[in-house]
Amino acid sequence: MARKTVYNKIFNEEDWAKVNPDNKQLFDEWIMYLQSTDKSKGTILQYTNDMRILFIFLMLRCQNKFVIDLNKRDIIAFQGYSINTWGHSSNRTRRIRSCLSSLCNFVENIMDDLYPDFRNIVNKIEAPVKKPVREKTVLTEEQVDSLLKELVDTKQYQKACVFALAANCGARLSELVRFKVHFFDEANLINGAYYKTPTKIKIKGRGRNGNQKHKFILKNGFQEYFDLWTQERNRLGITNEELFVTRRNGEWVPASDTTLQSWKTTFSRILDDSFYFHSLRHYLTTKLRANNIPDRVIKDWFGWESIDMIEIYDDNEAEDSFSDFFTADGIQKVEKKGLDDL
C-alpha cells in the first residue's frame, strides 16, 4: 500500500472569521515581506496554513491574544494542544512553532519602530522532541530489479523509466517532471558512465525560482528503460520535449507532480511495501557508498553542502560492511570504485 500522510484540517472559515483582526493584519504584512524577499510560493503557502492554525488556537484557547502579547506559557500551551488535542506529530508542531518564530523575528527586526520592546521568546521554550512519524522504506537492489522487470513485462514502460531515473539519479519527485528527452543524447554522456543534463534543473531551495543544478544519471540501470520508453513514445506518436507525459482531452501533455504521485500506488503494490520517491534518494546514496564511491563524490552528485547529509541518506547498517574489511586473514584493503563500475 502507498505510504499515507494524515492531514488534520483545523482551519475553517467560521473560526477564521473570529480571529483577532490585529493578528490578521500582522499576518498580511508579514506575507508581503516574505514576497518582497523572494520566498517561493510553496514556502508562503506553508507559512499561511501554519499561521492560520496558530491563530485559531489563540482564538479558541488564549482569549484571541495578539501575537505581540504572547508569553512563554502560551507557547507551551500551544505545543501541548497541538500534539494532544489536534493529534499533530511532534514534527508538525515544531514546524508551526518555527513559523511563529519567523513571524516574531519579523516583528523584532522590521517592526521595531512600532514595538521597540518586543523580543522573540519562541526559542527560549524547549521544542517537542523530533520523532519519526512514518516507518522508512528501505529498498534493496533485488526489489528494484524485480519491480522494473514486472513493469517491463506488463509493458508499463513510462513507469519503468521514471522509476529507473529516480533510482539512478536520486532526483526528487518535483525534479523528475523537468527532465527532457534530449538530455539523454550521447553528447551528454560522460566517460560512457553517466549523463549530465546540458542545462540546470530547478531543485529545492529558497526563492521563487529555487536553486538550479545540473543533474547526473548513471547510464547502467537507466538506459535500458529509457530506450524502451523512447520506442513506446515513437509508437504512440508522442513528440513532447518532456520525458514524462500524460494524456488529457485526447492530447499528450507534460506529466505533473500529481501524475507521478498517482504511479506510487502501482509501485507500492508490486513492492508489497509503502513506496515514496524519496526512498530512491536513500537507495542511490546507499548503493554509491556500498560500492566505495568517495563521500565527496556522493556529496557533489546530489549537490549537498556537507557530507553530513550522506549519513542521513545511507541506509546501510554499520556492520553490513564489516565483512568487506575484516576476514580470517586480517584487515583487508578495499579499493575505491568509480561510477563506471556501477
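Residues numbered from 1 in each chain as written. Predicted model: local features only at pLDDT ≥ 70, side-chain atom pairs only at ≥ 80, totals over all residues. Heavy atoms only, no water.

Caption draft 1: Representation of the overall build of the protein in the model. Each helix and strand counted, the protein has 14 helices and nine strands in total. Buried positions account for 45% of the 342 residues belonging to the protein. Relative to all contacts within the protein whose residues are 6 or more apart in sequence, the contacts with residues 24 or more apart total 64%. Accessible area for the protein stands at about 19200 Å²; split by element, carbon and sulfur atoms hold 47% of it. (Helix = DSSP H or I, 4+ residues; strand = E, 2+ residues; numbered from the N terminus. Buried < 20%, exposed > 50% of the residue type's maximum accessible area, 1.4 Å probe, protein only. Contact = heavy atoms within 4.5 Å. Areas by Shrake-Rupley, 256 points an atom, 1.4 Å probe, with all protein chains shown as cover.)

Caption draft 2: Broad picture of the pairing of strand S6 (residues 245-248). Bridge count for S6 against strand S7 (residues 251-254) is four bridges, and the pairing is antiparallel. Its bridge partner being in S7, Val-245 is matched across the sheet by Pro-254. Hairpin connection, S6 to S7: the antiparallel pair is bridged by two residues, and Asn-249 has positive phi, about 55°. (Pairing = 2+ DSSP bridges.)

Caption draft 3: Structural view of unusual backbone geometry. The phi dihedral of Lys-155 is positive, around 60°, even though this residue is not glycine. Topologically, Lys-155 is positioned in the loop between helix H6 (141-153) and helix H7 (157-169). The phi dihedral of Asp-272 is positive, around 55°, even though this residue is not glycine. Secondary-structure assignment places Asp-272 in the loop between helix H10 (257-271) and helix H11 (278-290).

Caption draft 4: Inspection of the packing of aromatic side chains at higher detail. Scanning the entire structure with this criterion turns up 26 aromatic pairs. With 6.0 Å between their ring centres and 65° between their planes, Tyr-194 and Trp-301 make a pair best called edge-to-face. One end of the pair, Tyr-194, is in strand S2 (residues 194-196); the other, Trp-301, is in helix H12 (residues 295-302), and 107 residues separate them in sequence. Taking the relative accessible area as the measure of exposure, Trp-301 reaches 6% and is therefore buried. Plain terms: the ring middles of Phe-216 and Trp-301 are 5.6 Å apart, the flat faces sit at 40° to each other, and that makes the pair tilted. A residue pair is termed long-range when its members are at least 10 positions apart, and Phe-216 in strand S5 (residues 216-218) and Trp-301 in helix H12 qualify at 85 residues. Ring pairs connect the aromatic residues Phe-179, Phe-183, Phe-184, Tyr-195, Phe-222 and Phe-226, which therefore count as one cluster. The lysine or arginine in question, Arg-52, covers the ring of Trp-16, its NZ or CZ lying 5.7 Å from the ring centre. (Phe/Tyr/Trp six-rings, centres within 6.5 Å; stacked < 30°, edge-to-face > 60°. Lys NZ or Arg CZ within 6 Å of the ring centre and 35° of its normal.)

Caption draft 5: Examining the side chain of Lys-215 more closely. Here Lys-215 lies in the loop between strand S4 (211-213) and S5. You can call Lys-215 buried: its relative accessible area is 3%. One polar contact links Lys-215 to Glu-175, side chain to side chain, over a distance of 3.2 Å. (Polar contact = N/O pair within 3.5 Å; in protein donor to acceptor, adjacent residues only side chain to side chain.)

Caption draft 6: Examining the pattern of salt bridges more closely. Within the structure shown, the criterion is met by 15 salt bridges. Among the ionic pairs, Glu-241 bridges to Lys-180, the shortest N-O distance being 3.8 Å. Here the residue Glu-241 occupies a position in the loop between helix H9 (223-236) and S6, and Lys-180 occupies one in the loop between helix H8 (173-176) and strand S1 (189-190), the gap between them amounting to 61 residues. By relative accessible area, which is 47% here, Glu-241 ends up partly exposed. A salt bridge links Arg-289 to Glu-311; the shortest N-O distance between them is 2.8 Å. Here the residue Arg-289 occupies a position in helix H11, and Glu-311 occupies one in helix H13 (residues 308-313), the gap between them amounting to 22 residues. Beyond isolated ion pairs, a larger network of salt bridges with shared partners links Arg-289, Asp-295, Glu-311 and Asp-314. (Salt bridge = Lys/Arg side-chain N within 4 Å of Asp/Glu carboxyl O.)

Caption draft 7: Representation of the state of the cysteines. Using the criterion set out here, one finds zero disulfides in the structure. No disulfide involves Cys-104; its nearest neighbouring cysteine sulfur is the one of Cys-99, lying 9.8 Å away. (Disulfide = S-S within 2.5 Å.)

Caption draft 8: Structural detail: the sheet that holds S2. Spatial ordering of the open sheet is given by S1-S2-S5, a layout of three strands whose pairing is antiparallel. The sheet terminates laterally at S1 and S5, the two strands that pair on one side only. Sheet analysis places S2 next to S5, joined by three bridges and oriented antiparallel. Within S5, the position partnered with Lys-196 by the bridge is Phe-216.

Caption draft 9: Structural detail: H7. Its 13 residues place the ends of H7 18 Å apart at the C-alpha level, agreeing with the 18 Å of an ideal helix rising 1.5 Å per residue. For H7, the tally of buried residues reaches 13 of 13 residues, placing the bulk of the element in the interior. Following H7 by one or two positions, Gly-170 has its phi on the positive side, about 85°. (Expected span 1.5 Å × (residues − 1).)

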